[in-house]
Amino acid sequence: MDLITIQTFDNYFNANIQLTRLRSAGIECYLKDEYTVTLDPLLSNAIGGIKLMVRKSEERNVKKLLREMNEEADSKLLCPQCGSHKFILVPKRSTENLLTAITTWLFSSYAVSAENIYQCSHCGYESETLPEVESESYN
Ligand SMILES: [Zn+2]
């Protein structure tokens, strides 16, 4: 299987948001070097950040999708508390110390992804799902 890097990130949260978006759009994708970058952010530059990998055969499709999603994402999300459009994915069990939170998260199994939560990067409002201006049609 030919994999290519479709996008790179310098932190786990942004990478994970994009991964989740692509997967929910039905694209098979993986993160590469996520642990290296998360454990040692200084290495991020050296290894080129966290890489979002997709099948080469899906490159065109994914690029188009990413462009559309990036354009849509910011305008669609809306914090009910402050009206901000920026959300980040954080571990649900929030502690005062971000490093502790990340460590707890890493040493738990991958299955804890359900325990991540979206947080408004402006006011800190938390939501289980990405708050959208209007939900997609249900039919
Ligand atoms: Zn907010």
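Residues numbered from 1 in each chain as written. Predicted model: local features only at pLDDT ≥ 70, side-chain atom pairs only at ≥ 80, totals over all residues.

Considerations on the overall build of the protein
Rules: Each helix is a run of DSSP H or I of at least 4 residues and each strand a run of E of at least 2, with the numbering of both proceeding from the N terminus. Once C-beta atoms are placed from the backbone, each residue is buried if 20 or more other C-beta atoms lie within 10 Å of its own, exposed if 12 or fewer, and partly exposed for counts between those two. A pair of residues counts as a contact when their C-beta atoms, built from backbone coordinates, are within 7 Å of each other.
The helix and strand inventory of the protein stands at five helices and six strands. Taken from N to C terminus, the helices and strands of the protein fall in the order β-α-β-α-α-β-α-β-α-β-β. Per-residue burial for the protein yields a buried fraction of 18% across its 139 residues. The contacts in the protein between residues at least 6 apart in sequence include a share of 66% that link residues at least 24 apart.

Some points on the sheet that holds strand β6 (residues 126–127)
Quick note on the threshold: The pairing criterion is simple: DSSP has to find at least two bridges between the two strands.
Pairing is antiparallel across the open sheet formed by three strands, whose spatial order is β4-β5-β6. Across the chains shown, the open sheet's two edge strands, defined by having one partner strand only, are β4 (87–91) and β6.

Thoughts on unusual backbone geometry
Negative phi is the rule for most residues except glycine; trans is the rule for most peptide bonds. A positive phi angle, near 70°, is found at Asp33, a position not held by glycine. Mapped onto the elements, Asp33 comes out in the loop between β2 (29–32) and α2 (34–39).

As for the sheet that holds β2
Here is the rule: Whenever a helix is involved, its axis is fitted only over the stretch in contact; in every case the axis is a line through C-alpha atoms, and angles between N-to-C directions fall within 0 to 180 degrees.
The antiparallel open sheet is built from three strands, whose spatial order is β1-β3-β2. Both edges of this open sheet fall to β1 (3–9) and β2, since each of them pairs with a single strand only. Between one strand axis and the next, the sheet turns by 30° as a mean value, whatever way the strands run. The sheet contact formed by β2 and strand β3 (residues 50–55) spans four bridges and is antiparallel. The residue bridging Leu31 from the neighbouring strand is Leu52, located in β3.

Regarding helix α1 (residues 12–24)
How we decide: Given a helix with a known number of residues, its expected span is that number minus one, times 1.5 Å. Along the arc lie the directions from the helix axis toward the C-beta atoms.
With 13 residues, α1 should cover 18 Å at 1.5 Å per step; its first-to-last C-alpha distance of 18 Å lies within 8% of that length. Those residues of α1 not exposed but buried are Tyr12, Ala15, Asn16, Gln18, Leu19 and Leu22. Buried residues of α1 fall within an arc of 165° about the axis and therefore sit on the same side.

Some thoughts on the nonpolar core
How we decide: By definition, a nonpolar core groups buried Ala, Val, Leu, Ile, Met, Phe, Trp, Tyr and Cys residues that are joined through C-beta atoms within 7 Å.
Counting residues in hydrophobic clusters, the biggest one holds 12 residues: Ile6, Phe9, Tyr12, Ala15, Leu19, Leu22, Cys29, Val37, Ile50, Leu52, Val54 and Val62. Broken down by element, the residue count for this core peaks at four residues, all from α1. Those residues in contact with Ala15 that lie beyond four places of it in its chain are Phe9, Leu31, Glu34, Ile50 and Leu52.

A closer look at the environment of Ile17
Secondary-structure assignment places Ile17 in helix α1. Here Ile17 falls in the partly exposed class, since 18 other C-beta atoms lie within 10 Å of it. Sequence separation between Ile17 and Ile88 is 71 residues, and the spatial gap between their C-alpha atoms is 7.4 Å.

Digging into the environment of Leu89
For Leu89, the location among the structural elements is in strand β4. Along the backbone, Leu89 and Thr129 are 40 residues apart, and their C-alpha atoms lie at a distance of 9.8 Å. Not counting residues within four places of it along the chain, the set of residues in contact with Leu89 comprises Phe13, Asn16, Ile17, Asn116 and Tyr118.

Some points on the confidence of the model for the protein
This is how the line gets drawn: Scored from 0 to 100, pLDDT reflects the predictor's confidence in each residue.
Summary statistics for the protein give a mean pLDDT of 78 and a share of 73% for residues scoring 70 or more. Per-element confidence in the protein is highest for β3, whose mean pLDDT is 94, and lowest for helix α5 (residues 98–107), whose mean pLDDT is 64. Low pLDDT, under 50, characterises residues 135–139; the predicted model gives this stretch zero contacts beyond four residues in sequence or across chains.

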